[in-house]
Amino acid sequence: MRNLSSLMSMLALVGLAAATACAPADEQPSAGSSSSPAAQQCTKDSLATLAKGTITFGTDQPAYPPWFVDDDPANGKGFESAVAYAVAGKLGYSPQDVKWVRVPFNAAIAPGPKTFDANLNEFSITDERKQAVDFSSPYFNVTQAVVAVKSSPAAGVKDLAGLKGLKLGAQVGTTSYTAAQAIDPGVAVFDNNDDAKAALSNGQIDALVLDLPTAFEVQSELTDGVIVGQLPPGKEKEEQFGIVLDKGSPLTACVSKAVDDLGTDGELFKLQKVWLTGAGNAPVLS
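About the thresholds
Residues numbered from 1 in each chain as written. Predicted model: local features only at pLDDT ≥ 70, side-chain atom pairs only at ≥ 80, totals over all residues. Heavy atoms only, no water. Pairing = 2+ DSSP bridges. Helix = DSSP H or I, 4+ residues; strand = E, 2+ residues; numbered from the N terminus. Axes fitted to C-alpha atoms, helices over the stretch in contact; angles between N-to-C directions. Buried < 20%, exposed > 50% of the residue type's maximum accessible area, 1.4 Å probe, protein only. Arc of directions from axis to C-beta. Contact = heavy atoms within 4.5 Å. Polar contact = N/O pair within 3.5 Å; in protein donor to acceptor, adjacent residues only side chain to side chain. Core = buried A, V, L, I, M, F, W, Y, C linked by side-chain atoms within 4.5 Å. Parallel < 35°, antiparallel > 145°, perpendicular 65-115°, else oblique. Left-handed = near helix turned anticlockwise from the far one by under 90°. Nonpolar A, V, L, I, M, F, W, Y, C, P; charged D, E, K, R; others polar. pLDDT = per-residue confidence, 0-100. Salt bridge = Lys/Arg side-chain N within 4 Å of Asp/Glu carboxyl O.

Draft legend 1. Seen up close, the sheet that holds strand E6 (residues 168-171). Judged by pairing direction, the sheet is mixed, and its five strands sit side by side in the order E7-E6-E8-E5-E9 without closing on themselves. Because the sheet does not close on itself, it has two edges, and the strands there are strand E7 (188-190) and strand E9 (225-230). Averaged over all adjacent pairs, the angle separating strand axes in this sheet is 30°, with direction ignored. Where strand E5 (residues 144-149) meets strand E8 (residues 207-211), four bridges bridge the pair, whose relative direction is antiparallel. Note that in E8 the partner of alanine 145 across the bridge is leucine 210.

Draft legend 2. Structural context of helix H5 (residues 193-201). All of the buried residues along H5 are Asn193, Ala196, Lys197, Ala199 and Leu200. Looking down the long axis of H5, one finds its buried residues gathered within 160° of arc, a one-sided arrangement. Buried positions along H5 lie against E5, E6, E7, E8 and helix H6 (212-221). With a side-chain oxygen lying 3.1 Å from the backbone nitrogen of aspartate 194, the N-terminal cap of H5 falls on asparagine 192. Two residues or fewer past H5, glycine 203 is found with a positive phi of approximately 80°.

Draft legend 3. A look at the nonpolar core. Of all hydrophobic cores here, the largest spans 39 residues; its most connected members are Phe57, Phe79, Val87, Leu91, Tyr139, Phe140 and Ile243. Elements with a contribution of two residues or more to this core: strand E1 (55-59), helix H2 (79-90), strand E2 (98-102), strand E4 (133-141), strand E10 (240-246), helix H7 (252-264) and helix H8 (267-275). The greatest single-element share of this core, amounting to eight residues, is contributed by H2. Residues contacting phenylalanine 57, with those up to four places away along its chain left out, are Ala84, Ala88, Val98, Lys99, Trp100, Val101, Phe116, Ala118 and Leu120. In terms of nonpolar packing, the next biggest core, distinct from the first, is built from 18 residues, Ala145, Ala188, Ile205 and Ala282 among them.

Draft legend 4. Structural detail: the packing of H2 against H8. Where H2 meets H8, the axes come as close as 9 Å, and the angle between the chain directions of the two elements is 155°. In terms of orientation, H2 lies roughly antiparallel with respect to H8. Both H2 and H8 take part in a crossing whose hand is right-handed. Note on element contacts: H8 touches H2 through Leu268, Leu271, Gln272 and Trp275, opposite Phe79, Ala82, Val83 and Ala86. Looking at the contact of H2 with H8 residue by residue, the classes come out as seven nonpolar, one polar and no charged.

Draft legend 5. View of the confidence of the model for the protein chain. Of the residues in the protein chain, 84% reach a pLDDT of 70 or more, and the chain-wide mean stands at 87. Here residues 1-34 is modelled with pLDDT under 50, and outside its nearest four sequence neighbours on either side it reaches 76 contacts, counting other chains as well.

Draft legend 6. Region of the structure containing the pattern of salt bridges. Within the structure shown, the criterion is met by seven salt bridges. For the salt bridge of aspartate 265 with lysine 90, the shortest nitrogen-to-oxygen distance reads 2.8 Å. Placement of aspartate 265 in the loop between H7 and H8 and of lysine 90 in helix H2 is noted, with a sequence separation of 175 residues between them. Judged by relative accessible area, lysine 90 falls into the partly exposed class, the value being 38%. Salt bridges here are not isolated pairs; linked through shared partners, they connect Asp194, Lys197 and Glu221.

This is the structure in structure tokens:
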């Protein structure tokens, strides 16, 4: 469990608040369903999961902190692992009923049948992705941040203009990549964050764009890592993470209801306090 001493400063930066982390179901409808299911439909015995009596979650490999710990989604540690088990619990599944499979990021949001019932891997909810998959109600509001090392020319940047002309990097297929591309059209693309961190350490790129909680984790793993700052919100609607399900999945409404209930009873906020507490400062780059 992470040190909570810097809780309030981190939560303020990420923009988390108990009232907005996940609105009640009657205020924030599911991202994949227009109506709330009856309670009796959202039980272990009635849900049409891939395997009767179990629920299968997917995520990428490797799975990074603070979303997962020790690349082991089944240990219940890390924010997304904890959310998965909390959702399973709301649906009547015990931890022993939860199974995990590994699915590459882009494969999880591609059209076609899935090897999972639900997938958590920092998937931002977008209209384009909703053409191929379903999303649950959002479980996290996110901002993007820029990470560098002290020897990089990006380390002293104070505003967006200072990033122009620098070489940025991001993971393929992510909204971090989209945010980076808006600044650097030639942004370097990496299959995973380990490759991106190596490129940053080796001077192949000047800075790396990541969601803010992951940025804090990457900063701590780098030698002389620094948070340059947060990218300001764009003109698009607020970026939010949602659980991915197969397009038209019979589980979408129930998974969304579980997420909504976790937000209403404060459990999502508690999990954020435990797993998404970071140290340091992340000013907004204007």
